[in-house]
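Structural description and commentary
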Amino acid sequence: MATVESRAKVLGHAMHPMLIVVPLGMFVGPVVFDGVFYFGGREPQWAVVAYWMIVTGLIGGVVAAVPGWIDWFAIPSGTRAKRIGLVHGLGNGIGVLGLFGASWYFRRPNVPNPPDLALLLSLIGFLLGGVTAWLGGELIERLGVGVDPGAHPNAPNSLSGRSAGPLA
C-alpha cells in the first residue's frame with residue numbers, strides 16, 4: 001500500500017488530525033447552544049456560550065490548518081488525494097472558518113441576543129464541516145494520506161525510534 005507520510009509530526013504522529021478536534025468540538029457546540037437559545041426562549045447565556053465557542057473554534061481552526069497545509073504540499077501532484085485535499089482544505093479554511101467567522105461578526109454588536117442570520121451561518125458552517133470532515137476521512141482511510149509508510153497491525157510504538165515497516 002502506498003502512503004503519504006505526514007510532514008508535520010509531534011512524537012511520531014501527524015499533528016493535523018490531533019489539532020482538528022478543537023475546532024470540530026467548538027463548532028458543534030455553538031449549533032447546539034444556538035438551538036437551545038432559539039427554541040428555548042432566547043435565554044442570553046446560551047448565545048454567550050455559543051459566541052465564545054466560535055471564537056475558540058476560529059483560533060483552533062487556524063492553528064489546525066497550518067500542519068494540514070504542510071501535509072498537503074507533500075501529496076504528489078496530479079493525484080486524487082491532491083484534489084480531495086485541496087477541496088478539504090479550502091472547504092474548511094475558507095468555507096467553514098468563513099461562515100463561523102461571519103456568524104461571529106454578526107453576533108458582536110449584541111452577543112446575548114444574536115440575529116437569526118448569525119445562527120443560520122453557524123448551522124450552514126456546521127453542515128459544510130460535516131462534508132469537509134468526511135473528505136478528511138477519505139484522505140486518511142481511503143487514500144493513505146498522513147499514514148506512516150509500512151503501517152501494519154503489529155508496528156512498533158512511534159516513540160521506539162523503529163520503523164513501522166513490516167517485521168523482518
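Just so it is clear, the model here is predicted, and its values are computed rather than measured.

Its volume calculated, the largest pocket comes out at about 810 Å³. Lining the largest pocket are 36 residues; nearest its centre among them are H16, I20, H88, N92 and T132. For the lining of the largest pocket, the secondary structure elements donating two or more residues are α1 (15-19), α2 (21-39), α3 (44-73), α4 (80-107) and α5 (116-142). At ten residues, the largest contribution of residues to the lining of the largest pocket is made by α5. Residue composition of the lining of the largest pocket, grouped by class: 20 nonpolar, 15 polar and one charged. Approximately 360 Å³ is the volume found for the second largest pocket. If you go around the second largest pocket, you meet 19 residues; those closest to its centre are K9, G12, H13, D148 and S158. Grouping the constituent residues of the lining of the second largest pocket by class yields nine nonpolar, seven polar and three charged.

For the rest of this paragraph, the subject is α4. With 28 residues, α4 should reach 40 Å at 1.5 Å per residue; the first-to-last C-alpha distance of 39 Å fits that figure. In α4, a bend of some 30 degrees at N92 exceeds every other bend along the element.

On the secondary structure map, G41 appears in the loop between α2 and α3. Taking the C-alpha atoms as reference points, G41 and G25, separated by 16 residues in sequence, lie 24 Å from one another.

Our next topic: unusual backbone geometry. Non-glycine residue L11 carries a positive phi angle of around 50 degrees. Looking at the element boundaries, L11 is found in the loop between β1 (9-10) and β2 (13-14). A residue is classified by how much of its surface remains accessible, and L11, at 64% relative accessible area, is exposed. Phi is positive for R42, close to 55 degrees, though the residue is something other than glycine.

Quick look at the pattern of salt bridges now. Applying the stated criterion to the full structure yields five salt bridges. The partner of E5 in a salt bridge is K9, and the shortest N-O contact between them spans 2.5 Å. Its salt-bridge partner being K9, residue D148 comes within 3.6 Å of it at the nearest N-O pair. Note that D148 is positioned in the segment after α5 and K9 in strand β1, a separation of 139 residues in sequence. Take K9: its relative accessible area is 30%, and that puts it in the partly exposed class. Among the ionic contacts, a cluster of salt bridges with common partners joins E5, K9 and D148.

Calculation criteria
- Residues numbered from 1 in each chain as written.
- Predicted model: local features only at pLDDT ≥ 70, side-chain atom pairs only at ≥ 80, totals over all residues.
- Heavy atoms only, no water.
- 1 Å grid on protein atoms, 1.4 Å probe; cavity = no way out; pocket = protein on both sides within 12 Å on 5 of 7 lines; lining within 4 Å.
- Points joined across faces, edges and corners; volume = space filled by probe spheres on them.
- Helix = DSSP H or I, 4+ residues; strand = E, 2+ residues; numbered from the N terminus.
- Nonpolar A, V, L, I, M, F, W, Y, C, P; charged D, E, K, R; others polar.
- Expected span 1.5 Å × (residues − 1).
- Bend = angle between axes of the 7 residues up to and from the residue.
- Buried < 20%, exposed > 50% of the residue type's maximum accessible area, 1.4 Å probe, protein only.
- Salt bridge = Lys/Arg side-chain N within 4 Å of Asp/Glu carboxyl O.

Geometric descriptors of this kind do not, in isolation, establish any biological role.
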